[in-house]
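Spelled out, the chains give:
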Amino acid sequence: EDKVVQSPLSLVVHEGDTVTLNCSYEVTNFRSLLWYKQEKKAPTFLFMLTSSGIEKKSGRLSSILDKKELFSILNITATQTGDSAIYLCAVAERTGNQFYFGTGTSLTVIP
Amino acid sequence: DAGITQSPRHKVTETGTPVTLRCHQTENHRYMYWYRQDPGHGLRLIHYSYGVKDTDKGEVSDGYSVSRSKTEDFLLTLESATSSQTSVYFCAIRAQETQYFGPGTRLLVL
């Protein structure tokens with residue numbers, strides 16, 4: 001059975017800290033891995049990763065994929081209270097028809 | 001914003017009643033999806049559609065049916081709502097190999 005596992009389930013940090021969120025997967029016919037941020041509304045897209053070892057960056061957020069070890073990490077440097085959210089990892093299977101989601105990591109940034 | 005709207009945004013209903021949720025998109029995307037989101041379970045796929053009248057089941061399809069009679073609308077129906085179907089329902093479209101989500105519908109079944 002295909003699955004996506006995220007860790008930790010929740011995290012509380014202080015502003016300015018750096019955090020690393022983990023996503024491991026067991027999905028046959030892998031196509032891509034995606035990260036989303038969810039505040040008290042719909043998930044919003046952050047990154048899509050398809051190749052190992054190539055870092056994607058957007059401001060203080062970055063992510064990398066390891067297709068050999070079947071995991072991805074999402075790093076957030078110099079965290080701010082606005083980074084408080086649930087971060088979701090999803091894997092798209094090869095046809096692109098289905099996406100499998102992890103349960104998310106809940107990040108709380110304290111001032 | 002991928003031009004996705006959902007209606008209603010909030011609904012309270014009673015066990016045993018039928019409920020239909022609507023997802024509307026304005027950009028002619030071929031693929032549309034219905035998910036439910038519950039604490040501890042993340043987003044779980046209910047049904048998806050890959051074109052008008054073309055649909056398929058997801059992981060948690062029992063108790064749900066869908067219809068897509070035109071490209072822009074994807075309807076999710078709970079034939080006889082149960083308390084276990086209390087959830088937040090998200091519609092999504094696929095574009096550029098990723099998914100974009102609608103604002104969600106909060107459904108409470110009493």
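Our structure's up above, just so we're on the same page.
Predicted model, so just to flag it, every value in this text is computed and none were measured. (Residues numbered from 1 in each chain as written. Chains lettered and ligands numbered in written order. Predicted model: local features only at pLDDT ≥ 70, side-chain atom pairs only at ≥ 80, totals over all residues. Heavy atoms only, no water.)

> Got a sec to walk through the layout of surface pockets? Specific residues and values, please.
There is about 630 Å³ of room inside the largest pocket. In terms of lining, the largest pocket is formed by 26 residues, of which the most central are A:Gln38, A:Glu39, A:Ile86, B:Gln37 and B:Arg106. Within the residue set of the lining of the largest pocket, elements represented by two or more residues are strand E9 (85-93) and strand E11 (105-110) of chain A together with strand E4 (32-38), strand E9 (87-95) and strand E11 (105-109) of chain B. Looking at the lining of the largest pocket element by element, the count peaks at 3 residues for E9(A). Among the residues forming the lining of the largest pocket, the class breakdown is 8 nonpolar, 12 polar and 6 charged. Forming the boundary of the second largest pocket are 20 residues, of which A:Asp2, A:Lys3, A:Val4, A:Phe101 and B:Glu59 lie nearest the centre. Mapped onto the lining of the second largest pocket, the elements with two or more residues apiece are strand E1 (3-7) and strand E10 (99-101) of chain A together with strand E5 (42-51) of chain B. (1 Å grid on protein atoms, 1.4 Å probe; cavity = no way out; pocket = protein on both sides within 12 Å on 5 of 7 lines; lining within 4 Å. Points joined across faces, edges and corners; volume = space filled by probe spheres on them. Helix = DSSP H or I, 4+ residues; strand = E, 2+ residues; numbered from the N terminus. Nonpolar A, V, L, I, M, F, W, Y, C, P; charged D, E, K, R; others polar.)

> Report on the sheet that holds strand E7 (residues 64-70) of chain B, specifying residues and quantitative values.
Residues and elements named next belong to chain B. Reading across from one edge, E1-E3-E8-E7 is the order of the 4 strands in this open sheet, with antiparallel pairing throughout. Strand pairing shows two members of the sheet lacking a second neighbour, strand E1 (4-7) and E7, which therefore form its edges. Looking at each pair of strands side by side, their axes are set apart by 20° on average, direction ignored. Pairing analysis gives 4 bridges linking E1 to strand E3 (residues 19-25), with the strands arranged antiparallel. Paired with Thr5 across the strands is His24, a residue of E3. (Pairing = 2+ DSSP bridges. Axes fitted to C-alpha atoms, helices over the stretch in contact; angles between N-to-C directions.)

> Which residues make up the side chain of A:Gln6, and what values do they have?
Residues and elements named next belong to chain A. You can see Gln6 is positioned in strand E1. Among the residues examined, Gln6 registers a relative accessible area of 5% and is labelled buried. Within the structure, Gln6 has its side chain in polar contact with the backbone nitrogen of Cys89 (distance 2.9 Å). Among the polar contacts listed, one links the side chain of Gln6 to the backbone nitrogen of Gly104, at a separation of 3.0 Å. When neighbours within four sequence positions are excluded, Gln6 is seen to be in contact with Asn22, Cys23, Trp35, Tyr87, Leu88, Cys89, Gly102, Thr103, Gly104 and Thr105. (Buried < 20%, exposed > 50% of the residue type's maximum accessible area, 1.4 Å probe, protein only. Polar contact = N/O pair within 3.5 Å; in protein donor to acceptor, adjacent residues only side chain to side chain. Contact = heavy atoms within 4.5 Å.)

> Quick one: what's the story with the interface of chain A and chain B, residue by residue and with numbers?
Counting from both sides, the interface comprises 19 residues of chain A and, opposite them, 21 residues of chain B. Of the roughly 1,500 Å² buried between chain A and chain B on both sides combined, carbon and sulfur atoms contribute 54%. Counting the surface chain A buries against chain B, the share from its top three residues, A:Asn97, A:Phe99 and A:Phe101, is 33%. Measuring nitrogen to oxygen at the nearest pair gives 3.2 Å for the salt bridge that ties B:Glu97 to A:Arg31. Run the count over chain A and chain B and you get 4 residue pairs in polar contact (both at pLDDT 80 or more). Every element with two or more residues in the side of chain A that touches chain B is listed here: strand E4 (30-38), strand E5 (44-49) and E10 of chain A. (Buried area = accessible area lost by both parts, 1.4 Å probe. Salt bridge = Lys/Arg side-chain N within 4 Å of Asp/Glu carboxyl O.)

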